[in-house]
Structures are given as structure tokens and as C-alpha cells.
Amino acid sequence: MSDLPPIPRPEQRPLPPAPGQRRIVLPPHRQRSRRPRSVRIREWVRKNLFPSRSGTLLTLVAGTILAGILTGAVYFVFVSANWEVITHNRWLLFAGGFPQGEAWRLWVSIAIVFTLIGLAYGTWSSMGRRDHLFVALVGAFVIFLMAHGGAAAWSSIYFLIAVACLYGGYLFTVRLPRETSTRRTWQQRIVGGLMALSLPVVLLILLVGGEVGPRNLDGFVLNLILAPVGIVGGIVLGIPLALGRASSMKSISWTCTAYIEIVRGAPLLGWLFVALFILDDIIGGDLIVRAMVVMAVFTGAYMAEYIRGALQALPRGQYEAAQAVGLTQTQRTRLIVMPQALRISIPPMVGQAISIWKDTTLVSVILPLRELKGNADSAISQFEFTPDRIEAYVFVSVIFWIVAFMMSRISQRVERAQGIGER
Amino acid sequence: MSQQPSTPLPPPDPVPLIFQRGFRRLVQQGAYIGVTALLAWYVYDALNLREFGFGFLDDPAAFKVANQWITDIDGVTNNRITMYLVGVWSSVRVIFVAILLSTLVGVVVGVARLSSNWLVARLAMLYVEVFRNTPLLMQVVLVYAIFLVGAPIIQEVLVIGDFAFISNRGLAIPWPVPDAGWWGVPDWFVGVWVALLIAVGIIAMTVRRQRQQLERDTGQPHFANRWAFGIFAVGALISFIALGLPVSIDRPIVEGTRYLEGIVIRPEFAALTIGLTLYTGAFNAEIVRGSIQALPRGQTEAANAVGLSAYQRMTLIILPQALRQMLPSITNQYLNVNKNSSLAYAVLYDDLFRVAGIIQNKAGHALEMFFVIIVTYMLISFLISVVMNFINARVTRVGV
Amino acid sequence: MRLPSLKSRRFVSALMFAGAALLAGALIGACTSDDDDQQAQAVEQQQQVMQQQQDQPQAQVSGEPRGNTIQLVQDRGTLKCGVKQTQPLFGNRDADGNVTGFDIEFCKAIAAAVLKDHDAVEYVDASDASTRFELLADGQIDILIRTTTITSSRDMELDVDFAQTTFYTGQGFAVRKDSGINSTSDMANAAICVQTGTTTEQNVADHFTDIGLNYEPTGGLSQDVAAAFFEGRCDVLTADASDLASRIVVRDDADDYKILPQIISKEPLAPGVRDYDSDWKDVVNWVVHGLIRAEEIGLTQANVAAMAANPPNTEVARLLGVPFEGGSVSTLGFDAVDAQFIQRAIAAVGNYGEIYDREIGDAIERDCTLNALARPLPSEAVDCGPGEGGILYALPYR
């Protein structure tokens, strides 16, 4: 469909030929490419920015707004803002109470995660110019942050090593042949397995031995731990819940429905309230563990709904065909139904993952866990930084934006690779 | 062989019990119910429900609740459940306004994202990508912080045309109040006017329907909407004058450090509502864009072919059809607005969640308070669903 | 509809991997956090004991020991101290993520006394006033040192017991100097920023009911309402006078604000411990008294070692838990805490006056306030000596 040349719209009349040019009648799409660049640019500007009088007005209004936002942002970032509140407190914001002597655990974990991202990118996708630009921009941002005010040269080098790991992993896998073969299957299995193992491995590295306990997970590190635990736990809980809700056995479907609807009925803030006040009698344990349980339970209900939607979207013929070839119910679910349902439900599940990533900010509102936003609140209570509230909050927002934006881009890539949404 | 009907088929081997479908289901369900009951019993046992009860909600509240509108209920003399209801009312206001505004933002930005104007489309995309990918909590606290820092303090209040004031204590605007009018009637007289307005409204709607029917029958334009609006406006004006101006506009004034008269939109309310609007608006915009793109291209082309303007094409052809597609997702977003309104906890707005927290802090009974909270949120969600289902039923009544 | 591709099946197996991995992670987590397990077990035991006692009504005698926090802390090797992390001077975090402030010094002193290591403290955030007592009741913290007022209702209704007061203050009001407000009677219909979930919230409601005026409250978390006040959102900020002073003094424009002399309540701020654990409360009590006594008799962080080596009199020897002139060692102390616990506390953080000077210093005047030593003044003296003229009075240690 998209390979065909665009059909010219009625209002798009071919331009009169430039003087001194031979009159050769070509199809319009070829005509355009023949004309010199300056003409093409002028035409693009005319068509996209100044098509008519009202269109010009719209462009001017939008341009004014954009210019206002840009000048405001530039003025704020480079002139009026005092970023010392961030640069001075970068360790507090990044890892808070994590013992500085054990910082190597953080760097090793980051390097592992970055390597895995690189491996996954190389296996299932490839990096375009925009991806390189994004990595470069984020890298420059982080390095600037750490180099500012000195005394963090080593952190910059560690971060650069982590980025090098990312590219190393990427370059390693992207060169492997892509055509379907046993080798390729094994490559995908290994990378997928490594990714699945990464969370426990990172937790092991962070928490085993030394003087580090779960309580030391603090600042941005806490966000980075809580969100994946919530997402993975949510999917693991969501699949049986969705199957249970769709089950033909009344007792199972009713209880699963009740669970899903009750969890979705109250806001996450309310469930964190439960973690603090009510769960102590039921599961006890450290608050950070309870927060993880609540994140997983909460996400699970939403994931279950998305998977159930996908189950309902499957044509009945799929079930019937599976039955006809004599698969048992377990085989049907495992081989026919779930793979398709999960594939359909990837986009909303990634949306939920982004949402839970953003919602990790809520733990410091109710629970005594200091994640990035909580530590930003501490930073602006320090002596010299009381007026720098907006700077601190803008910084926190930007950090969350970077990760969430990356997740949404990756999900778009997965959607395109899997052909989801195409009909 | 098979042509010998006289030979009776041997009776089938009895299927062992454990392979019988009914039996297996029974066992599975039994096991499941057993495990669930065990879990439920464990939770029940751990929860220590001996003191479970809602009597504490009837005790005096002994705290004040800010951000009241219309209601002016004093927390020192009233009981806790009354103050909780004040909090519910505050939440409902935020949810209602945020839903309206976020829909508006969503439609405008969603259409702008598909604009043929490059700059407008980019601007809309910038908005969506920024606000969809940052935490709502940060948006709310940032809007609040920016308003507190950016707006002038009350001593240097910004006056707009002598009738509105902006300071970081809020935006004060004129507000209609019942008045004695020409005839010196009591306040309840305004009710008569409202009743008259409703009557005029019904008449206007009847005329509209008749003219629409005419339009359909004859194919000639009968300007149903213009007629209805005209009838309503004229009727409202005439009844207003005839009843002796029972409503007057209260202009705000600044006295010392506070606003008197008029109505004040408080910064806490504004921050929460704007935060919710911007955040939900970004999601709504994506939903609107998606449903417009899902329409067949032929719709646009047909509209072009019959010579509709871009505005007509959008409002008459594209949006009404896209509406059916987007309603379920939009409803989901409205339910999210309901739940996200609990972020009032992070700005200084006394919504139901914060009031419940205060009560819990004073009286304990966390389980009961949580029960109350979840039931309230579910009720509001239920209300939103009912309204949206009604709209959905109306929109999808006419088949394509 | 496409048939399931190999790719998506692989996705499912990856998910199953993930599930298994999560379980493994949970197991590992359960195995590795030994100390937390111990603590959890200890809390569990404690709860079991409580449960048993509740199940047997005849055994439920008020005051019977139900927990043994000292044992818990010593087994764990760290003290879990619930502190504020967003208030300058009293409890805040510095750039390295460390917690600093007046309250923190007492956590260190108690850790030094009980664990012989003033760094063996795990600071748990108790910044939100609404949830702090739950943390204590829940066993998330061993002690709450978080500008918490002793009140009868908290003592009676909540699962909290208060030790010796560490700081005396009262609820005050901060206003802009140019606002023309000089007392609460000038605050008719004023916008007042007040922290919710605290005694201040109720005090101010009571006070304004008493004087028959109305006000417009704006409530929230402590740091949020303070920020709103400084931006001009409210006319008045009300909180403990020490809280107000700490928030004003860190500002560049501190001179624009004043704290009214009017104090509408008594706010003795004290460490909170769990109910029915008098041993633990005793330790906390005597650490605080010991630090005050050290100031009274001139023991400092600098000279405590010399004094312990060569005590000048029997009282110092007793306080520091060392023999006097070759005599026997004082037997004061507790079963689980030896007699030198006050010596360690002083060596770790100094005496009360030193803590005050180091953490609060000149930000909040000390001389002639309640937090100065109750030293009898010469009858003709008008000015208090440094650190004198208050009501701090250490109980006799003998």
C-alpha cells in the first residue's frame, strides 16, 4: 500500500516549468525530485506552513507559542535557574543513603543492564540515527551533571564504560545473521533468558554481602528497582488472572473478577496506604518489600484486563481449530491462545509499564521510602537551596521523561517489528 | 460390516471417573475454592477485626477542611463523616472540571496532531510527548510551585479590567448571587427564574427537534440549532427582566490580604485541575488521533468531494464517526482522572483522600477508612461509567 | 489474524523465564536479608506474645513487658531510628545522602550506648506526620525521634510511650514583618498554613474557637506548607516555634519574617518508643538525662576520655561507669547494656549543650529559654549565663 506513489490531491497542481527548462511531461512525483533543492524547500515551506491565509495565520500563532515556550525554557535553563541544587546533591538524588563505598555495585548493575539493552537492540532491532542521537544527548546530559562541580570524574568514566558496554553488546549482536535459523532462535532465546534473569541478578549484585540492605535502596535507584519488579510481577500475576476471569468455572471467574475490579477500584495511593497500615498484619516484612508486593498486585490487575481484552479479541476459530487438531486445554492455552493474546496486548501492557514507572514517584508520598522525588524534597530543605524548588522538580520530571520516552519508543519499535496494529 | 444394523454396538467402555469432564471440573473448582478460602481465612485471622466498626466516624472531627465551595462546614463542631463528605465534594469538583477540560484539550490537540500545518502538528506532538511521559505527581507539584512563584503576591495583586484579580492566593472573578432586584424579593425567588429557564429550555429543545425533523423531511435547511439557541436566549432575557433582575453579579474586591465577594479559584484547586487536565489531555489527544486515523480515508475524500470546508469536514464527518471509536478508551481515561484526583495529597488540597488520611491519623481504624475510600472511588467510577454508557448508547444507536 | 509466529512463542517463553526468575529473586532476597529476617522473626515473636496475651484475658496485665527492643536492636546490630528528612536543623539529608540534625544526634547517642557504635543507625524516613506512629507500632523503627510532642491522647490511645523530652518548644506563629500582625487577635479571617496530622492543627482550631475568630486553613505536609507560606500563599505559618525558626533561618530573606512572641501551646518534643517496653524506654531516658547531666557537670566530648581514665569524683565515675580511685566499678546499667553506656554516648556526640551548639547553634537562641539548664541564678543576676536559665534538669544518677 505504502509502496505506491502518492496520489496527487486535487489542489496540488503541477507547478509551471521554470524558465529555460525543457517541457518534459513526467508524473508529478518524479517532477518534484527533478527540481532543484531550493525550489523543493520553498515548495515544502509553502505547502506545510503557508498554504492559505488562514493556514498562515495558524502558523504564525503556533510559531509565536513555540517561540515563547523556547525562549522561556532557554531563559529558565541557562539564565534564571540555579542548577547547583542538582549538581551539589547529585549523589543524594541518584542513590541517597546507598553507602558510597559500595558504589561499585551500582555501576556493575548499570553496566549489565546497558549491555543487555545493547544485546536486545542488536537482536531484535537496529539503531537508527535518531537512537544514536538520543544516546549521545542523554550521555552528554549525565556527563555534564557529573562533571559539573568536579570530584566525580570517576563516575563519568564509569558511566562511559557502561555506554561502551551498550554499544559493545549492540555491535556484537547486530552483526549476527538475521535469517531464520536454529542459531538465530538460540540467539533470541539466550538474550531473552538473560533479560529475564537480569532483575534477580541485579538485585543479587546490589544486596548480597557487604553492608547493603534493602533499606539502602534509595533515590533514583529505588525507582529503577521498584518499576521493573512491579512490571514483571504484574505480568506474572496478570496471566493467570486473565485466564481465570475468562474461565468457564464460575467460582474461579468470579473471584478473579472481584480481585481485578477491587484492585482497579482504588488509586495506587490508596493501595500504598494499605501497604503501610494494613499489610503489616498480613505479610509483615520490610516496607520496601511491601511496596514491591503492592506494585505487583496493582499492576497485575491492569495487565490481566489487557490480556483478557486480547483473549476476547481472538477469533473463535482459533479455539475451535486447536480443539479440532486434538490439543488438550493446557496445550491450547500455551501454544495457541496465549502467544496470540500476549502479542495483541503488548501495546497496552507497555503503556501500563510506563504508567507504573511514573507512579513510582508516589511511594514517597505515603510510605517512608525516599525515591527521587522524596530526595528532591530533602534537597530543597537544605540551607542554601530553599528557593530552588522549581529547578529540583523540573530536573526530576526530565529524568522520568527520559526513561518513559525511551520505553515508549521501544514499544513502538516492537509494535512495528511484530506487525501489531496493521490490518 | 456397517450395513448390519441388527448387530448391536457393544456398550462403550465406561470412562474412568478422573477423565470425566464434569468430575475434573468439580475437583478443580473444589481445590481452588479450598485454597481461596484458606487464604481468606488467613487474611481474616491476621486482620484482627475485633474492633471493626464505623462508630468512630460519628465523633467530632476537630479539624478544619479547606477549599470548600458553597458549603461552609466548620470542622470543629461537625462530626467526621460530615467532613469526609466535604472532602468527597471537593474531589468531585476537581474530577468534573478536569474531565471537561481534558476532553477539550484532547480533541483540540488530537486534531492538531493531524494538521497539514507542519508547525501546528509538531507543537501538538511536543505537548503530547512531554506530558504523557512525565509523572502526574511532578506535573501537579510543578504547576503549583510555578503558580506560587510566578503569580504576584496579594499585596501586588494583578487587576484585570477591574473585575478579576490574580495573585498567588488565587484567581478572583465575579459570580452571580441571588439578589432582591427591583421588587425586593427574598433570595428563594431566584428559584422561580431557574424554573422558568428550564421551561424555556424545554420549549427550545422541542422546537429544535421539530425543525430537525422538517429538515430531514424536506431537505431544506431549517437552522434548528440557531432557532433553539435564539429562543432560549430571548426567553432567558425576557424572564430575567420580567422577574425584576433577581440575580446580580458580585464583583470581587481585595481587602488587606484577602479576597471578599466574588468567587475565588484557589491555587491548590487550579494546580490539581490543570495538572490532571494536561496529563489526561495528552492521553485523550492520542486516543482522538488514533480514532480519526482509524477512519477510512474515503470519508475525508468524500467530504472533500462534496465541497465541505475543513472545519465542516472535521465537525460534521470526521469527529462524529471517530467519537464511536474513542468512547471506550476515553471512558477509561475519565476513570483514571477519578483515581488520580487522589494526588491532592501532594498539593495542599483537601480532597476525600486527604480528609480520610486525617481522620485515620486521629482515630486509627485504617481498615475501615480504606473501605470507605475504596467504596467512594468505586461509586464515583460507577457514576462516570453510567453517564458514559448512556452517551455511548446514544452515539452508537444509529448504525453506520 | 496471523497465526502465532515463532517470535511470539519465544516471547511467551521469555515471560515464563521471567516468572521463574522473579520467584528465584524472591527466594534469594529471602535468603540474603538475614538481619531483616531476624528482625521480622523477633517482631513476629513479639506479636505472638502479644497475641497470646490477648487470647488469655487473665494474663493481660497493663504494664507487663511485651517486647524487648534492646534485645532486638542488639541482635540486629543496627538501630532503626525514625527521623524527619525534610526539616533543616532537626532532620534533613545532606548532599551525600547522610541524615543530619539535632534529632539525629540523639539517635547516634543511643546507638553508641546500646550498640557501642554510633554509626550503627539505620535512618528511616518519618517525615510524614500522619504515618509516623504507624511505623513505630509496625516495628519498622525502634525509636521515633522526630520533633514529636508528648500528648496524653497519643500516650493513652496509640502504641507509643514517650521518653525524656529532648527539646521544649510551643506552637508559635510566623508572619511577614510588614503584615501588621502582632498576635492571634489580629488574624481574623487570615489564611493560615498548618501542617496536617499534627497537634498544631488541633491547637490552632481550638485556639481560634476560644478567641472567637475565623480563619482559612491550608493544610499539607510540613515542607509543603512552609514553602507555600514563604511564597505568600498564607498570611501566617503556624508550627512549633523551633520548626518555624529552623525554616526561617535557612532563608536568604530571613529578616523579612518574624515569629510572634505569643505561644499558644506546650510542645515538649520527646523520643517515642513502643508501649510496654520499659527497659528500652529506660535506656533512652537515661541516655538523654546523662547527656544533660554531662553538661551540668562539665563533661564534654573532648574531656570524657580523660575523665574516665581519672575521674575527679565519685559522681563522674558513676556516670561514666568507671572505678573511682581503684574501687569497684559502678553496677548501674541494665542487663543488656553495660554501665559505661553514658560514657559512650558522650564520647560519640558530646553533652546536650554541645549537640545544641553544633546542630542548632545561634539559629534558635538558647540562653534563658526552656532548653537551657535549670541552674539556680544569683538573685541579683538579670542576664542568664550561656546555656542557663531554662528548665533542663537531669535526674540524679545514682
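Residues numbered from 1 in each chain as written. Chains lettered and ligands numbered in written order. Predicted model: local features only at pLDDT ≥ 70, side-chain atom pairs only at ≥ 80, totals over all residues.

Novice: So, the overall build of chain C: which residues are in play, and what are the values?
Specialist: Tallying secondary structure elements over chain C gives 14 helices and 15 strands in all. Split into buried and exposed, the 398 residues of chain C put 50% on the buried side. Within chain C, contacts between residues at least 6 apart in sequence are counted, and of these 68% link residues at least 24 apart. (Helix = DSSP H or I, 4+ residues; strand = E, 2+ residues; numbered from the N terminus. Buried ≥ 20, exposed ≤ 12 C-beta atoms within 10 Å, placed from the backbone. Contact = placed C-beta atoms within 7 Å.)

Novice: Which residues make up the domain arrangement of chain C, and what values do they have?
Specialist: All names here are of chain C. When the domains of chain C are assigned, the result is domain 1 (35–55 + 64–168) and domain 2 (171–265). Counting residues at the interface gives 12 residues for domain 1, matched by 14 residues for domain 2. Counted by class, the side of domain 1 that touches domain 2 contains five nonpolar, six polar and one charged residues. (Domains from an automatic or database assignment. Nonpolar A, V, L, I, M, F, W, Y, C, P; charged D, E, K, R; others polar.)

Novice: Tell me about the environment of Val83(C), and please be specific about residues and values.
Specialist: Residue and element names in this part refer to chain C. Assignment of secondary structure puts Val83 in strand β1 (residues 79–83). Classification of Val83 by C-beta neighbours within 10 Å gives buried; the count is 30. Separated by 40 residues in sequence, Val83 and Tyr123 place their C-alpha atoms 6.5 Å apart. Beyond its immediate sequence surroundings of up to four residues, Val83 is in contact with Gly91, Val99, Asp103, Ile104, Cys107, Tyr123, Ala126, Ile145 and Arg146.

Novice: Give me the domain arrangement of chain B: which residues, what numbers.
Specialist: Accessible area lost upon the coming together of the parts is a frequently used measure of interface size. Taken domain by domain, chain B holds domain 1 (17–47), domain 2 (49–151 + 265–400) and domain 3 (175–249). Averaged C-alpha coordinates put domain 1 of chain B and domain 3 of chain B at centres separated by 63 Å.

Novice: Can you explain the interface of chain B and chain C? Please cite residues and give values.
Specialist: Counting from both sides, the interface comprises 19 residues of chain B and, opposite them, 21 residues of chain C. For the side of chain B that touches chain C, the secondary-structure elements that each account for two or more residues are α4 (136–150) and α10 (352–363) of chain B. The element contributing the most residues to the side of chain B that touches chain C is α10(B), with three residues. Per-class residue counts for the side of chain B that touches chain C are 11 nonpolar, four polar and four charged.

Novice: Got a sec to walk through the sheet that holds strand β12 (residues 236–240) of chain C? Specific residues and values, please.
Specialist: Adjacent strands of a sheet pair through backbone hydrogen bonds, lying either parallel or antiparallel. All names here are of chain C. If you trace the five strands from one edge of the open sheet to the other, you get β11-β10-β12-β9-β13, paired in mixed fashion. Each edge of the sheet is formed by a strand with only one pairing partner; in this case those strands are β11 (216–220) and β13 (257–259). Strand-to-strand twist in this sheet, taken as the mean axis angle between neighbours without regard to direction, amounts to 25°. Taken together, the three bridges between strand β10 (residues 191–195) and β12 define a ladder with parallel strand orientation. Bridged to Cys193 within β12 is Leu237. Most of the contacts of helix α8 (residues 222–230) go to β10, to which it runs at about 155°, and overall it touches β10, β11 and β12. In this fold helix α9 (residues 241–249) packs onto β9 (171–176), β12 and β13, with an angle of close to 120° to the strand it touches most, β12. (Pairing = 2+ DSSP bridges. Axes fitted to C-alpha atoms, helices over the stretch in contact; angles between N-to-C directions.)

Novice: If you had to explain the environment of Glu268(B) to someone new, which residues and values would you point to?
Specialist: All names here are of chain B. Summarising the element assignment, Glu268 is placed in helix α7 (residues 267–294). A sequence separation of 64 residues divides Glu268 from Asn332, and the C-alpha atoms of the two residues are 25 Å apart. Leave out the neighbours within four places in its chain, and Glu268 touches Asn67, Tyr144, Val347, Leu348 and Tyr349.

Novice: Give me the confidence of the model for chain C: which residues, what numbers.
Specialist: All names here are of chain C. Averaged over all residues, the pLDDT of chain C is 81; the fraction at 70 or higher stands at 81%. Of all secondary-structure elements in chain C, the lowest mean pLDDT belongs to helix α2 (residues 34–55), at 46, while strand β6 (residues 143–144) reaches the highest, 95. Residue range residues 1–15 is modelled with pLDDT below 50. Its contacts to residues more than four positions away, or to other chains, number 22 contacts. Segment residues 49–65 is flagged for pLDDT under 50; beyond a separation of four residues in sequence, or across chains, it makes 11 contacts in the model. (pLDDT = per-residue confidence, 0-100.)

Novice: Tell me what's going on with unusual backbone geometry, and back it up with residues and numbers.
Specialist: All names here are of chain C. Although it is not a glycine, Leu89 adopts a positive phi angle of roughly 70°. Positive phi values are uncommon outside glycine, yet Cys368 reaches one of about 65°. Here Cys368 shows up in the segment after α14 (352–359).

Novice: A description of the pairing of β10(C) should follow, citing residues and the corresponding values.
Specialist: All names here are of chain C. Within β10, five of the five residues are buried, which leaves it mostly tucked inside the rest of the structure. Burial along β10 is two-sided: Ala191, Cys193 and Gln195 facing one way and Ile192 and Val194 facing the other are all buried. Between the parallel elements β10 and β11, the chain passes through helix α7 (residues 199–210) in a crossover that is right-handed. (Right-handed = clockwise from strand over helix to strand, strands pointing away.)

Novice: Any details on helix α8 (residues 153–174) of chain A? Residues and values, ideally.
Specialist: All names here are of chain A. Helix length check: α8, at 22 residues, gives a terminal C-alpha distance of 31 Å against a target of 32 Å (1.5 Å per residue), a fit within 8%. All of the buried residues in α8 are Ser155, Phe159, Ala162, Val163, Cys165, Leu166, Gly169, Tyr170 and Thr173. End-on, the buried residues of α8 take up no more than an arc of 140°, which puts them together on one face. More than 90 degrees from the buried face of α8, the exposed residues found are Ala153, Trp154 and Leu171. Check the buried side of α8 and you find it contacts α6 (103–124) and α7 (129–147). (Expected span 1.5 Å × (residues − 1). Arc of directions from axis to C-beta.)

Novice: Tell me about the sheet that holds strand β8 (residues 263–265) of chain B, and name the residues and values.
Specialist: Residue and element names in this part refer to chain B. Strands sit in the order β1-β2-β3-β8 across an open sheet of four strands; the sheet is antiparallel. Each end of this open sheet is capped by a strand with a single partner; those strands are β1 (158–160) and β8. Strand-to-strand, the axes of this sheet are offset by a mean angle of 20°, without reference to chain direction. Pairing of strand β2 (residues 164–167) with strand β3 (residues 170–173), which is carried by three bridges, proceeds in the antiparallel orientation. Bridge pairing in β3 places Ser167 opposite Gly170.

Novice: Which residues make up the nonpolar core, and what are the values?
Specialist: Among the nonpolar cores identified, the biggest contains 285 residues, and Leu272(A), Ala291(A), Val140(B), Ile110(C), Ala113(C), Val287(C) and Ala345(C) are the most heavily contacted of them. Considering every element that reaches this core, the biggest residue donor is helix α14 (residues 287–313) of chain A, with 18 residues. Residues in contact with Ala291(A), not counting those within four places in the same chain, are Leu226(A), Leu272(A), Ala275(A), Val363(A), Leu367(A) and Leu369(A). One finds Phe165(B), Leu171(B), Tyr259(B) and Val264(B) within the second-largest nonpolar core, a separate group that totals five residues. (Core = buried A, V, L, I, M, F, W, Y, C linked by C-beta atoms within 7 Å.)

Novice: I'd like a rundown of the packing of α7(B) against helix α9 (residues 310–340) of chain B, residues and numbers included.
Specialist: Helix-helix packing is characterised by the crossing angle of the two axes and by the distance between the axes. Residues and elements named next belong to chain B. Running from amino to carboxyl end, α7 crosses α9 at an angle of 155°, the nearest separation of the two axes being 8 Å. As the angle between them shows, α7 and α9 are arranged roughly antiparallel. Crossing of α7 over α9 shows right-handed handedness. Of α9, the residues touching α7 (which contributes Leu276, Thr280, Phe283, Asn284, Ile287, Val288, Ser291, Ile292 and Ala294) are Ile318, Ala322, Gln325, Met326, Ser329, Ile330, Gln333, Asn336, Val337 and Asn340. Here the contact of α7 with α9 is built from residues that sort into 11 nonpolar, eight polar and no charged. (Parallel < 35°, antiparallel > 145°, perpendicular 65-115°, else oblique. Left-handed = near helix turned anticlockwise from the far one by under 90°.)

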